[in-house]
Amino acid sequence: MNTHLAYLISAHTDPAQLSRLIASLQPEAHFFIHIDKKSDLSSFTSLIRGDNIHFLSDRVDVRWGTLIEVEYQMKLIKAAIDHPQHFDRIFFLSGMDYPLWSKERISEWAAQLGEREILSGINMNTPLIQGQQRLLYTLPRPLFTLPAIGNKWNQRLSIVCRRVCKLLGIRRPLSLQVNGQQWDLYKGSAWWCISQELAEHVYLSYTTIPAIRHYFSSSFGQAETLIQTIAFNSPQWRSRCLLFEGEYPGLEALTPLHFIIYQPVIRVMDETDLDRLLQSGRMFTRKLISGKSDLLVEKLKHIHSQRQ
C-alpha cells in the first residue's frame with residue numbers, strides 16, 4: 001500500500017533551490033508552498049510546475065518571530081487537509097532544506113511510523129528553564145499592525161514596547177488557561193512530520209479556541225511553540241509526540257529531522273560538510289543556497305541514485 005505524503009514548504013527566496021528540493025522528493029507527493037508576500041511569486045511559479053504543486057494564492061507578509069509565521073503555517077495545513085487526497089504524513093519544510101536520505105528511504109520510513117508523531121517539545125513552564133530562554137518567552141512582545149504607519153514603524157513601535165516591558169519587569173506566564181484548564185507552554189522545532197489527524201486537531205484548536213490566539217499574539221517564536229503547545233496539552237496526542245525533559249537542550253536537539261548548525265549563526269552548508277551530514281543520521285539538512293551549495297547537492301544526488 002502506498003504511503004501518501006504531503007510537504008508543506010515556506011520560502012521567500014532562491015527559486016532554484018526550492019526546485020531542487022522538490023525534485024529530490026517523491027514525484028507522487030503533493031507540495032503546498034507559501035511564498036512570502038514580499039517576494040515575486042512568478043519567479044517561483046515559472047520554474048516549478050505540476051499537478052501536484054500547489055502555490056498558495058492567499059499569502060502573508062512574513063515577520064519573523066511573530067504570530068504572522070503561524071498564519072502561513074495554518075494556511076498550509078488547511079490547504080493540505082482540504083485536499084481531496086488523505087495524507088498519511090505531512091511534513092513541514094523550508095525552501096532551503098535538502099534531503100540527506102533518498103526519497104525511497106523517506107517513503108519506507110514514513111510507512112513504518114505507526115502512531116508516532118515526529119513533533120518534538122519541551123515544557124517551558126518548569127524551574128529548569130532559566131536565563132535567556134526564560135526571558136525570551138516571558139517578555140511580552142506585542143505585535144503592532146497599524147496600516148497608517150507601515151511595517152517599518154510598526155516594527156519599531158513593537159521593539160520600543162518590548163523594551164519598556166523589560167525595564168518595568170513585566171513578564172508573561174509560561175502557561176495559558178484553555179476552557180478552565182492550565183496549558184503549559186511547549187517549545188520545539190518548526191520542522192516536523194505529523195499525521196493528517198493531528199494536523200486537523202491543530203487547525204481546529206487554533207481556529208476555534210480564542211484563548212490560544214490571544215496568548216500567542218504577544219509571545220515569541222510562535223512557529224516553534226504554538227503547534228507544540230496544542231499537541232502536548234492534548235491527552236490524545238501528547239504520548240505520540242517526542243517529549244524532551246530536563247534542561248533546555250538547544251534547538252538543534254529539538255529538531256529531530258534536520259541537521260542544522262545555528263551557532264554562532266546558521267551555517268550555509270557546502271560540499272565540505274558532506275561527511276558530517278551523512279554521519280548525522282538526520283533526514284534533511286538546512287540551509288542550502290544556490291551558488292554556494294551546488295556541489296553538495298550534486299554529491300547528495302549521486303549518493304541517492306546509488307541507494308535506490
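Conventions used here
- Residues numbered from 1 in each chain as written.
- Predicted model: local features only at pLDDT ≥ 70, side-chain atom pairs only at ≥ 80, totals over all residues.
- Heavy atoms only, no water.
- Axes fitted to C-alpha atoms, helices over the stretch in contact; angles between N-to-C directions.
- Helix = DSSP H or I, 4+ residues; strand = E, 2+ residues; numbered from the N terminus.
- Parallel < 35°, antiparallel > 145°, perpendicular 65-115°, else oblique.
- Left-handed = near helix turned anticlockwise from the far one by under 90°.
- Contact = heavy atoms within 4.5 Å.
- 1 Å grid on protein atoms, 1.4 Å probe; cavity = no way out; pocket = protein on both sides within 12 Å on 5 of 7 lines; lining within 4 Å.
- Points joined across faces, edges and corners; volume = space filled by probe spheres on them.
- Pairing = 2+ DSSP bridges.
- Salt bridge = Lys/Arg side-chain N within 4 Å of Asp/Glu carboxyl O.

1. Here we look at the packing of helix α3 (residues 67-81) against helix α7 (residues 196-208)
Right, on to step 1. It is at 10 Å that the axes of α3 and α7 come closest, and there the two elements cross at 130°. Relative to α7, the element α3 is oriented oblique. Crossing of α3 over α7 shows left-handed handedness. Here L67, V70, E71, M74, I77, K78 and I81 of α3 come into contact with α7, specifically with Q196, A199, E200, V202, Y203 and Y206.

2. Observations regarding the layout of surface pockets
A water-sized probe, rolled over the atoms, reveals where empty space remains.
Right, on to step 1. If you add up the space inside the largest pocket, you get close to 900 Å³.
Right, on to step 2. Lining the largest pocket are 35 residues, and of these W64, E69, W191, E224 and R286 sit closest to its centre.
Right, on to step 3. When contributions to the lining of the largest pocket are tallied by element, the ones reaching two or more residues are β1 (5-11), α3, β4 (89-94) and α5 (131-138).
Right, on to step 4. If you add up the space inside the second largest pocket, you get close to 360 Å³.
Right, on to step 5. Forming the boundary of the second largest pocket are 20 residues, of which R63, W64, G65, T66 and Q155 lie nearest the centre.
Right, on to step 6. Sorting elements by how many residues they give to the lining of the second largest pocket places helix α6 (residues 150-168) first, with five residues.

3. With respect to the sheet that holds strand β11 (residues 242-244)
Right, on to step 1. Across the sheet, three strands lie side by side as β9-β6-β11; this open sheet has mixed pairing. What marks the edges here is a single partner per strand, and that holds for β9 (186-187) and β11.
Right, on to step 2. Here strand β6 (residues 120-123) runs beside β11; their pairing, made up of three bridges, is parallel. Opposite G121, over in β11, you have L243 as the bridge partner.

4. Notes on the sheet that holds strand β12 (residues 258-259)
Right, on to step 1. Judged by pairing direction, the sheet is mixed, and its three strands sit side by side in the order β5-β13-β12 without closing on themselves. The outermost strands of the open sheet, each flanked by one partner alone, are β5 (98-99) and β12.
Right, on to step 2. In this sheet, strand β13 (residues 284-285) lies alongside β5 in antiparallel orientation, the contact comprising two bridges. Among the inter-strand pairings, Y98 is bridged to a residue of β13, identified as T285.

5. A word on the pattern of salt bridges
Right, on to step 1. Applying the stated rule across the entire model yields 13 salt bridges.
Right, on to step 2. Two residues, D58 and K75, come together in a salt bridge whose shortest N-O distance is 2.6 Å. Here K75 lies in helix α3 and D58 lies in the loop between β3 (53-55) and α3, a separation of 17 residues in the sequence.
Right, on to step 3. Connected through shared salt-bridge partners, R267, D270, D273 and R276 make up one network.

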